[in-house]
Amino acid sequence: MRPLTEIEKRKERHLRLSLDENVQSDIGTGFEDIRLIHRALPEIDLDEIDTETELFGKRLASPLIVSAITGGTGFAKEINSTLAEVAEELGLGIGVGSQRIALEDPGVEHTFTVVREKAPSSLVMGNIGCPQLSIGWGVEEAKRCIDMIEADALGIHMNPLQEAVQVGGDTQYRGVLEKIKAITGELGTPVVMKETGCGISREVAVSLKAAGASALEVSGVGGTSWAAVEHHIARVEGRKSQEALGEALWNWGIPTAISVVEASRSTDLKIIASGGLRTGVEMAKAITLGADAVGIAKPFLEKAVEGKGALLEHANDILREFRTVMFLVGARNVEELKKVPVVVLGRTSEWLRLRGYDLQSLANRG
Ligand SMILES: Cc1cc2nc3c(=O)[nH]c(=O)nc-3n(C[C@H](O)[C@H](O)[C@H](O)COP(=O)(O)O)c2cc1C
């Protein structure tokens, strides 16, 4: 077997570190401040609940997506294979990790194509990063990513924090919006602009809509922290200032629940809520706040490493919880769930009020 290249080593290190170290943000997603109103008489039967929805022309049995995680190495291929099998079996969507590595070395494409092989009917999303757009990648590379896995949509991740915290990160973000516009104008496949754990504000959501994005995956604070991942890498490598920078920015960003409100109220784009989503209860809360679907990364990664059975069981638990909450608020389907009243408390309500949102009408709708 040939030795791993530098980029392969980095991918492997990200996977191992996020599995072995504490990379969890230590502030909440904001969903702890969200309450749905219990309906003592749901006036529906639990077994008539329909969780099906549609995104980018593909059917999802439930509004749940395996967020972008990995690709590029043998270990990553095994993980992708397990994630994709479960996505296919449960009718979930699935995103691959950054395909940059396969564009630079087509020899590792098989670590990504396994996703489409194992999930032939699922909604599959490709992935590249804004830093690649800065160095000149454009429509041609975007199309190669899509063709590689017959993707239904292309995720473009915005991760300025991680790039700024890591040693030698790509921090040229000037002009990226124009590049996004050029891609969305020619691609013909929906583009999902996604964060990786710091959230998307209303201002950025509006500019991404103007640049032609079809959807936003908010990936806010409350789950995996990339400042934490880079903090650990710097610690292992003995780089003191980077280690301190990662620690200082550990909880940087917009909590996920807030980002869902900001992004969904300021645009009519499809919204994927992610960043620290862990339960079916939170999944339901995200949808009542304005999300069309929910994405989960790290917990699915952990279970995929344990094996397909563990992942299936975990995903099924989340879906059972989601369906039960739909029952308890009397929502027959996802469209009805989007309209149930929702009460916003605590720091989340303070933030949203200061940003001018009318929380009273949210609490009294339906
Ligand atoms: C090991 C690992 C690798 C990731 N790689 C990517 C990536 O290549 N591209 C991307 O857009 N997001 C990537 N992410 C970010 C996730 O898609 C997600 O936005 C983030 O982890 C927050 O979700 P979570 O709290 O459920 O983990 C990665 C996450 C993890 C844990």
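Before reading on, note that the structure itself is shown above.
Small disclaimer: the values here were computed from a predicted structure and weren't measured. (Residues numbered from 1 in each chain as written. Predicted model: local features only at pLDDT ≥ 70, side-chain atom pairs only at ≥ 80, totals over all residues.)

Draft legend 1. Structural view of the overall build of the protein chain. Scanning the protein chain from terminus to terminus reveals 18 helices and twelve strands. For the protein chain, the spread of C-alpha atoms along the three principal axes comes to 65 × 40 × 40 Å. Expressed as a percentage of the 366 residues in the protein chain, the buried residues total 50%. (Helix = DSSP H or I, 4+ residues; strand = E, 2+ residues; numbered from the N terminus. Buried ≥ 20, exposed ≤ 12 C-beta atoms within 10 Å, placed from the backbone.)

Draft legend 2. Region of the structure containing the site of the ligand. With respect to spatial proximity, 26 residues lie near the ligand, and among them His157, Gly223, Thr224, Ala297 and Lys298 are the closest. Mapped by element, the contributors of at least two residues to the shell around the ligand are helix H1 (6-20), strand E7 (153-158) and helix H14 (298-306). For the shell around the ligand, the leading source of residues is H1, giving three residues. (Near = placed C-beta within 6 Å.)

Draft legend 3. Summary view of the packing of helix H9 (residues 202-210) against helix H12 (residues 256-266). Between H9 and H12, the least distance of the axes is 8 Å, while the angle of their chain directions is 40°. In terms of orientation, H9 lies oblique with respect to H12. Crossing of H9 over H12 shows right-handed handedness. Here Arg202, Ala205 and Val206 of H9 lie close against H12, whose contacting residues are Glu262, Ala263 and Ser266. Its residues assigned to classes, the contact of H9 with H12 comprises three nonpolar, one polar and two charged. (Axes fitted to C-alpha atoms, helices over the stretch in contact; angles between N-to-C directions. Parallel < 35°, antiparallel > 145°, perpendicular 65-115°, else oblique. Left-handed = near helix turned anticlockwise from the far one by under 90°. Contact = placed C-beta atoms within 7 Å. Nonpolar A, V, L, I, M, F, W, Y, C, P; charged D, E, K, R; others polar.)

Draft legend 4. Broad picture of unusual backbone geometry. Residue Phe56 is not a glycine yet carries a positive backbone phi of 50°. By the element assignment, Phe56 lies in the loop between strand E2 (53-55) and strand E3 (58-60). Judged by local crowding, Phe56 falls into the partly exposed class, with 18 C-beta atoms found within 10 Å. Not every positive phi belongs to a glycine, and Glu150 is a case in point at roughly 45°.

Draft legend 5. Geometry of the packing of helix H2 (residues 74-90) against helix H15 (residues 308-328). The interhelical angle for the contact between H2 and H15, taken along N-to-C directions, is 45°, at an axis separation of 10 Å. Looking at the two axes, H2 sits oblique to H15. The handedness of the crossing between H2 and H15 comes out as right-handed. Along the contact surface, H2 presents Thr82, Glu85, Val86, Glu89 and Leu90, while H15 presents Lys308, Leu311, Leu312 and Ala315. When its residues are assigned to classes, the contact of H2 with H15 shows five nonpolar, one polar and three charged.

Draft legend 6. Molecular detail of the nonpolar core. Among the nonpolar cores identified, the biggest contains 108 residues, and Ile94, Leu154, Leu216, Val260, Ile271, Ala291 and Val294 are the most heavily contacted of them. Discounting chain neighbours no more than four positions away, the residues touching Val294 are Pro63, Leu64, Ile65, Ile272, Ala273, Ser274, Leu277, Met283 and Ala286. (Core = buried A, V, L, I, M, F, W, Y, C linked by C-beta atoms within 7 Å.)

Draft legend 7. Examining the sheet that holds strand E11 (residues 293-296) more closely. Taken in spatial order, the eight strands of this closed barrel run E4-E5-E6-E7-E8-E9-E10-E11, and their pairing is parallel. The mean inter-strand angle of the sheet, taken between neighbouring strand axes irrespective of direction, is 25°. In this structure, strand E4 (residues 64-66) lies alongside E11, joined through three bridges in parallel fashion. In the sheet register, Leu64 faces E11, and the bridge partner there is Val294. (Pairing = 2+ DSSP bridges.)

Draft legend 8. Representation of the pairing of strand E10 (residues 270-273) in the model. Side-chain alternation along E10 places Lys270 and Ile272 on one buried face and Ile271 and Ala273 on a second face that is also buried. Sheet topology places strand E9 (residues 215-217) next to E10; three bridges connect them, and they run parallel. Counted as the bridge partner of Ala215 is Lys270 from E10. Alignment of E10 against E11, held across two bridges, turns out to be parallel. The residue of E11 that forms the bridge with Ala273 is Val294. Since E10 and E11 lie parallel, the crossover through helix H13 (residues 280-289) that links them has a hand, and here it is right-handed. (Right-handed = clockwise from strand over helix to strand, strands pointing away.)

Draft legend 9. Structural view of the environment of Glu306. Turning to its location among the elements, Glu306 is positioned in helix H14. For Glu306 and Thr82, which are 224 residues apart along the polypeptide, the C-alpha to C-alpha distance reads 9.9 Å.

Draft legend 10. Representation of helix H8 (residues 176-187) in the model. With twelve residues, H8 extends 16 Å from end C-alpha to end C-alpha; this agrees with the ideal 16 Å at 1.5 Å per step. Along H8, the residues that are buried comprise Ile180, Ile183 and Thr184. Projected onto a plane normal to the axis of H8, the buried residues spread over an arc of 95° and lie on a single side. Away from its buried face by more than 90 degrees, H8 exposes Glu178 and Gly185. Packing partners of the buried residues in H8 comprise helix H5 (130-134), helix H6 (139-149), E7 and strand E8 (191-195). With its phi angle positive at about 80°, Gly188 sits one or two positions after the end of H8. (Expected span 1.5 Å × (residues − 1). Arc of directions from axis to C-beta.)

Draft legend 11. A look at the environment of Arg347. You can see Arg347 is positioned in helix H17 (residues 346-354). In this structure Arg347 comes out as partly exposed when scored by C-beta crowding, with 15 C-beta atoms within 10 Å. Sequence separation between Arg347 and Asp33 is 314 residues, and the spatial gap between their C-alpha atoms is 7.4 Å.

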